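Residue-level listing of the chains:
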Amino acid sequence: MRVKVISILEDNYMYLVIEEQTKQALAVDPAVPHRLLEIVKREELTLVAVLTTHHHWDHAHGNEALLKEIPGLKVYGGDERIDGLTDKVTDAQELKFNSINVRCLFTPCHTAGHMCYFVWEDECADAPAVFTGDTLFIAGCGKFLEGSAEQMYRNLTQALGSLPQETKVFCGHEYTVKNLKFALLVEPDNKKVQEMLTWARARDDEDKPTVPSTLREEFQYNPFLRLTEEGVQKFTGKTDPVEVLRVLRQEKDKFKKPKERLPPQVLLALKWGLLRP
Ligand code: GBP
Ligand code: ZN
């Protein structure tokens, strides 16, 4: 199976999971449907299903247009608020498309109906993939918009954290550099964070994505997966892992990029093009 990474909007990703022998494809969060259809046509693929991680427009907005274009298309998701939903899925439900298998992992917190999708191909040596939407990012995690630290703790440690370590992580946004700057504040001495930040900045300069990583890598630098590390506990002043996670998220919410800390006059001048960033 091949995963095609497609950058859309400001910093979102949509994906195509392709079964190479049959050219059947699944789309994940295809929020810019015309771009997706262009690629489907160019690569002579047959789109059979859409996997939607959550109802936010920058993930689900393309579903209706795709359904119109491809009657009979299946649109999966875990939340009634998802545009164009045809098949509501529940935790641990498995879907099969020829040799491609999907296990739905219910991960409520960023939104109350968030699903991640674990995908693997029968009799194939390729590592499996997990599509994490806005639950787990490379070096970060999603905001707790409709849930609690307890829920996110379960998502990160059980639903996602217990998957095979070689699983490739494909997330919903390119936030890697920003996340690593925060990770470095949390663990200034973590060599993996430093190395990864250098690498992610270089990728950014070349306009290349930082996805996928692997779960094994995430455990080495993602503070939200390192809740029992001494440095992370020290940063938060807590030892209970759920409390560590709660404080980490609160601190990340307050952690702004330097631009947002500038005086209002400077922000206006930047906005009007009187100053260059
Ligand atoms: C940034 O850092 O780039 N602009 C800021 C924050 C996911 S998108 C952007 C932001 O809040 N992103 C969300 C998030 O979870 N970030 C993790 C973090 O900051 O650590 N979204 O687009 C967001 O979910 C959205 C769409 C939200 C519709 C609410 C509705 Br309704
Ligand atoms: Zn979201």
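Provided above is the structure to which this section pertains.
Quick summary incoming for the structure in this document.

Conventions we followed
- Residues numbered from 1 in each chain as written.
- Chains lettered and ligands numbered in written order.
- Predicted model: local features only at pLDDT ≥ 70, side-chain atom pairs only at ≥ 80, totals over all residues.
- Heavy atoms only, no water.
- Helix = DSSP H or I, 4+ residues; strand = E, 2+ residues; numbered from the N terminus.
- Rg over C-alpha atoms; globule rule 2.2 N^0.38 Å.
- Buried < 20%, exposed > 50% of the residue type's maximum accessible area, 1.4 Å probe, protein only.
- Contact = heavy atoms within 4.5 Å.
- Areas by Shrake-Rupley, 256 points an atom, 1.4 Å probe, with all protein chains shown as cover.
- Lys, Arg positive; Asp, Glu negative; His and termini not counted.
- Charge placed at Lys NZ, Arg CZ, Asp CG, Glu CD.
- Phe/Tyr/Trp six-rings, centres within 6.5 Å; stacked < 30°, edge-to-face > 60°.
- Near = heavy atom within 4 Å.
- Polar contact = N/O pair within 3.5 Å; in protein donor to acceptor, adjacent residues only side chain to side chain.
- Nonpolar A, V, L, I, M, F, W, Y, C, P; charged D, E, K, R; others polar.
- Disulfide = S-S within 2.5 Å.
- Patch = residues over 30% accessible without salt bridge, like charges linked within 9 Å, V, L, I, M, F, W, Y side chains within 5 Å.
- Salt bridge = Lys/Arg side-chain N within 4 Å of Asp/Glu carboxyl O.
- Axes fitted to C-alpha atoms, helices over the stretch in contact; angles between N-to-C directions.
- Parallel < 35°, antiparallel > 145°, perpendicular 65-115°, else oblique.
- Left-handed = near helix turned anticlockwise from the far one by under 90°.
- Donors = N, O, S within 2.8 Å, 3.2 Å for Na, K, Ca; no water.
- Pairing = 2+ DSSP bridges.

## Re the overall build of the protein chain
So, step 1. Helix and strand counts for the protein chain stand at ten helices and 14 strands.
So, step 2. Over its C-alpha atoms the protein chain spans a radius of gyration of 19 Å, differing by no more than 12% from the 19 Å that the globule rule assigns to 277 residues.
So, step 3. The buried share of the protein chain, reckoned over its 277 residues, is 51%.
So, step 4. Pairs at least 24 residues apart make up 58% of the contacts formed inside the protein chain by residues separated by at least 6 positions.
So, step 5. Carbon and sulfur atoms form 50% of the exposed surface of the protein chain, whose accessible area is close to 13,500 Å².
So, step 6. Each charge sign in the protein chain was given a centre, from 36 positive and 42 negative side chains, and these centres are 6 Å apart.

## Considerations on the packing of aromatic side chains
So, step 1. Summed over all chains, the structure comprises ten aromatic pairs.
So, step 2. The interplanar angle of 70° and the centroid separation of 4.9 Å between the aromatic rings of phenylalanine 137 and tyrosine 175 together place this pair among those described as edge-to-face. Here phenylalanine 137 is found in strand S11 (residues 136-137), whereas its partner tyrosine 175 is found in the loop between strand S13 (168-171) and helix H5 (176-186), with 38 residues between them in sequence.
So, step 3. Using a relative accessible area of 3% as the deciding quantity, one classes phenylalanine 137 as buried.

## A closer look at the site of ligand 1
So, step 1. In the vicinity of ligand 1, 15 residues are found, and the nearest of them are His110, Lys143, Tyr175, Lys178 and Arg249.
So, step 2. With respect to ligand 1, the side chain of aspartate 134 contributes an N or O atom lying 3.4 Å from an oxygen atom.
So, step 3. Contacts to ligand 1 include tyrosine 175, whose side-chain N or O atom sits 2.8 Å from a nitrogen atom.
So, step 4. Starting from 700 Å² of accessible surface for ligand 1 in isolation, the protein chains cover 67%.
So, step 5. The set of elements that each furnish at least two residues to the shell around ligand 1 consists of helix H2 (57-60) and helix H9 (241-254).
So, step 6. Among the residues making up the shell around ligand 1, the classes are represented as four nonpolar, four polar and seven charged.

## Some thoughts on the state of the cysteines
So, step 1. What the rule picks out here adds up to zero disulfides.
So, step 2. Free cysteine: cysteine 124, not disulfide-bonded; nearest cysteine sulfur from cysteine 104 at 20 Å.
So, step 3. Overall, the relative accessible area of 27% leaves cysteine 124 in the partly exposed class.

## Digging into a positive patch on the surface
So, step 1. Together, Lys143, Lys178, Lys181 and Arg201 give the surface a local cluster of positive charge.
So, step 2. Along the polypeptide, lysine 143 turns up in the loop between strand S12 (140-141) and helix H4 (149-160).

## What about the packing of H5 against H9?
So, step 1. One way to put it is that H5 packs onto H9 with a least axis distance of 11 Å and a crossing angle of 125°. Classified by the interaxial angle, the pair formed by H5 and H9 is oblique. Two packed elements cross with a definite hand, and for H5 against H9 that hand is right-handed. Listed contacts from H9 to Asn179, Phe182 and Val186 of H5 are Leu248, Glu251 and Lys252.
So, step 2. Here the residues of the contact of H5 with H9 sort into three nonpolar, one polar and two charged.

## A look at the packing of H5 against helix H6 (residues 191-205)
So, step 1. Taken N-terminus to C-terminus, the directions of H5 and H6 make an angle of 160°; their axes are 9 Å apart at the nearest point. By the criterion of interaxial angle, the relationship of H5 to H6 is roughly antiparallel. H6 is crossed by H5, and the crossing has left-handed handedness. For the pair H5 and H6, contact is made by Thr176, Val177, Leu180, Lys181, Ala183 and Leu184 and by Val193, Gln194, Met196, Leu197, Ala200, Arg201 and Asp204, respectively.
So, step 2. Along the lines of polarity and charge, the residues of the contact of H5 with H6 split into eight nonpolar, two polar and three charged.

## A short note on the coordination of the zinc ion (ligand 2)
So, step 1. The protein atoms that coordinate the zinc ion (ligand 2) are His54 (NE2), His56 (ND1), His110 (NE2) and Asp134 (OD), at distances spanning 2.2 to 2.3 Å.
So, step 2. Residue classification places histidine 54 among the buried residues on the basis of a relative accessible area of 0%.

## Focus on unusual backbone geometry
So, step 1. The omega torsion of the bond from valine 211 to proline 212 falls at -5°, within 30 degrees of zero and hence cis.
So, step 2. Tracing the sequence through the fold places proline 212 in the loop between H6 and strand S14 (213-214).

## What about the sheet that holds S13?
So, step 1. Here we have six strands laid out as an open sheet, ordered S7-S8-S9-S10-S13-S14, and mixed in their pairing. The open sheet is flanked by strand S7 (94-97) and S14, the only strands paired with a single partner.
So, step 2. Both strand S9 (residues 115-121) and strand S10 (residues 129-133) contribute to a ladder of three bridges, which runs antiparallel. When the sheet's bridge partners are listed, phenylalanine 118 is paired in S10 with valine 130.
So, step 3. Along the sheet face, H4 touches strand S8 (100-106), S9 and S10 and points at about 150° away from the line of S8.

In short, shape yes, function no, at least from these values alone.
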